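These are the residues of each chain, in order.
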Amino acid sequence: MGDMAKGRVAALVVAVLLGALVGTVADAGTPRLRVAAALPGIITDKAWNQTGYEGLKMIEKELGAQIAYTERVAQPDQVEVMSDYARRGYDLVFGHGGEFDSAGKQVAARFPRTKIVINNGVSTAPNLATSQINHFQVSFLAGVVAGLMTKTNKIAAISAQKFQAIDESMIGLEQGAKYVNPRVQMFTSYTGDWDNVGKGKEAALAHIARGVDVLYPLLDHAMLGVIEAAKEKKVFVIGYPRDQLSLAPETVLTSAIENIAVAMLEVAKLVAAGKFQGKGYVFGIENPAAARLGRYGAMVPQRVRDRVEEVKKLLLAGKIQRK
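Reading guide: rules and limits
- Residues numbered from 1 in each chain as written.
- Predicted model: local features only at pLDDT ≥ 70, side-chain atom pairs only at ≥ 80, totals over all residues.
- Heavy atoms only, no water.
- Helix = DSSP H or I, 4+ residues; strand = E, 2+ residues; numbered from the N terminus.
- Buried < 20%, exposed > 50% of the residue type's maximum accessible area, 1.4 Å probe, protein only.
- Contact = heavy atoms within 4.5 Å.
- Areas by Shrake-Rupley, 256 points an atom, 1.4 Å probe, with all protein chains shown as cover.
- Lys, Arg positive; Asp, Glu negative; His and termini not counted.
- Charge placed at Lys NZ, Arg CZ, Asp CG, Glu CD.
- Pairing = 2+ DSSP bridges.
- Axes fitted to C-alpha atoms, helices over the stretch in contact; angles between N-to-C directions.
- Expected span 1.5 Å × (residues − 1).
- Phe/Tyr/Trp six-rings, centres within 6.5 Å; stacked < 30°, edge-to-face > 60°.
- Lys NZ or Arg CZ within 6 Å of the ring centre and 35° of its normal.
- Core = buried A, V, L, I, M, F, W, Y, C linked by side-chain atoms within 4.5 Å.

1. Let's talk about the overall build of the protein
- Along the backbone of the protein there are 10 helices and 12 strands.
- If one aligns the C-alpha atoms of the protein with their principal axes, the spans along those axes are about 90 × 45 × 40 Å.
- For the protein, the proportion of its 323 residues judged to be buried stands at 53%.
- Across the protein, the fraction of contacts at a sequence separation of at least 24, relative to all contacts at a separation of at least 6, is 69%.
- Accessible area of the protein: about 14600 Å², with a carbon and sulfur share of 53%.
- Placing the 39 positive and 31 negative side-chain charges of the protein at their respective mean positions leaves the two points 3 Å apart.

Following this line, the structure appears as structure tokens:
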């Protein structure tokens, strides 16, 4: 290789190194947002955890953030998993579920520079916020469908644990059903496990045995067991928190969509802009990307769909309130 050629190669190497150095300095000047989530279940559960994962992916895509997550975080491990992300310098850490509320308070106190957000939580602090959908509104609309579609006047909600977000959903369901059908009787039960399909099915069968013909599974992967029981016994389900019509078109009346991914993105935007506050962020049916009913099954008549729209207008106008 001639001296001129060698000189060109050397100049190219120097240019590449300088470019890399400049890029590094630029990156250091505008650090990439780092966001993590601790999830109680798996990201393919077709329910709550999958929606949380989709929230992380939206944050990655729209904000250019670096994301990370841990699946199947049991309650005894919540503090350590979230603390580990804080120690590693993550700017924002989500605890994906109301069951993370206590852990969120502990981690926020230990790591004041890290923003902690508990989806469906209740506690707040300067660096601790909650993010949730207006559970009452969405479940009220689901209750309207349940109240008009039940033939036995018996409906049931099934969940794994009792905490505020679940309470709000159950209250909304019952109040909505009785708003259109005062004869409705509502039952509730808790399986103790968000993901155990067998327990979900067992709980559903117990309700069906007492005459329930519309089920509302406030569950994660265990929701599939409720749908399976409903299919076998030819009763109905209202999906949650994703549009689950395609899982069982002859069984799912509609779905109470609580797209927490939208809420997660909005909170992350506030962190990126330096506008985060330690408070409760709530997204209701005024934001249909976050909260609405999903597609209807063919068995739901137009009169029921029309009644839902009427009730939705009343909710938006503040003419229907939680009792």
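Right, picking up where we left off after that structure.
2. Brief notes about the sheet that holds strand β10 (residues 252–258)
- Pairing is mixed across the open sheet formed by 6 strands, whose spatial order is β7-β6-β8-β9-β10-β12. Each edge of the open sheet carries a strand with a single partner, namely β7 (185–190) and β12 (291–293). Looking at each pair of strands side by side, their axes are set apart by 20 degrees on average, direction ignored.
- Direction of pairing for β10 relative to β12: antiparallel, over a ladder of 3 bridges. Within β12, the residue paired with Ile257 across the bridge is Arg292.

3. What to know about helix α2 (residues 48–63)
- Here α2 spans 22 Å end to end across 16 residues, near enough to the 22 Å set by a 1.5 Å rise per residue.
- Every buried residue of α2 is listed here: Trp48, Asn49, Gln50, Thr51, Gly52, Gly55, Leu56 and Ile59.
- Among the structural elements, β1 (34–38), β2 (66–70), β3 (92–96), β4 (115–119), β10 and α9 (260–272) are those in contact with the buried residues of α2.
- Remark: Gly64 follows α2 within two positions and exhibits a positive phi of approximately 65 degrees.

4. Some words on the sheet that holds strand β11 (residues 280–283)
- Within the open sheet, the 6 strands sit side by side as β2-β1-β3-β4-β5-β11. Their pairing is parallel. Bordering the open sheet on either side are β2 and β11, each of which pairs with just one other strand. Between one strand axis and the next, the sheet turns by 20 degrees as a mean value, whatever way the strands run.
- Alignment of β3 against β4, held across 5 bridges, turns out to be parallel. In the strand pairing of β4, Val93 is matched with Ile116.
- Strands β1, β2, β3 and β4 of the sheet are contacted by helix α3 (residues 78–87), whose axis makes an angle of about 170 degrees with β3.

5. Description of the packing of aromatic side chains
- Under the definition given, this model contains 6 aromatic pairs.
- Summarising the aromatic geometry, the rings of Phe136 and Phe140 are spaced 5.6 Å apart at their centres and angled 55 degrees between planes, so their arrangement reads as tilted. Here Phe136 and its partner Phe140 are both found in helix α5 (residues 135–149), 4 residues apart, which amounts to about one turn of the helix.
- You can call Phe140 buried: its relative accessible area is 0%.
- Here Arg34 stacks its cationic end above the ring of Tyr90, 4.1 Å away from the centre of that ring.
- For the cation-ring pair, Arg210 lies above Phe187, with the distance from its terminal atom to the ring centre recorded as 4.6 Å.

6. A closer look at the nonpolar core
- Counting residues in hydrophobic clusters, the biggest one holds 88 residues, and the most contacted among them are Val145, Leu215 and Tyr216.
- Excluding its chain neighbours within four sequence positions, the residues that come into contact with Tyr216 are Ser139, Ala142, Ala156, Ala157, Ile158, Ser169, Leu173, Ile238, Gly239, Tyr240 and Ala256.
- Counting 19 residues, the second-largest nonpolar core is a separate cluster that includes Tyr85, Phe100, Phe111 and Ile118.

Read these as layout, nothing more, since geometry by itself doesn't imply function.
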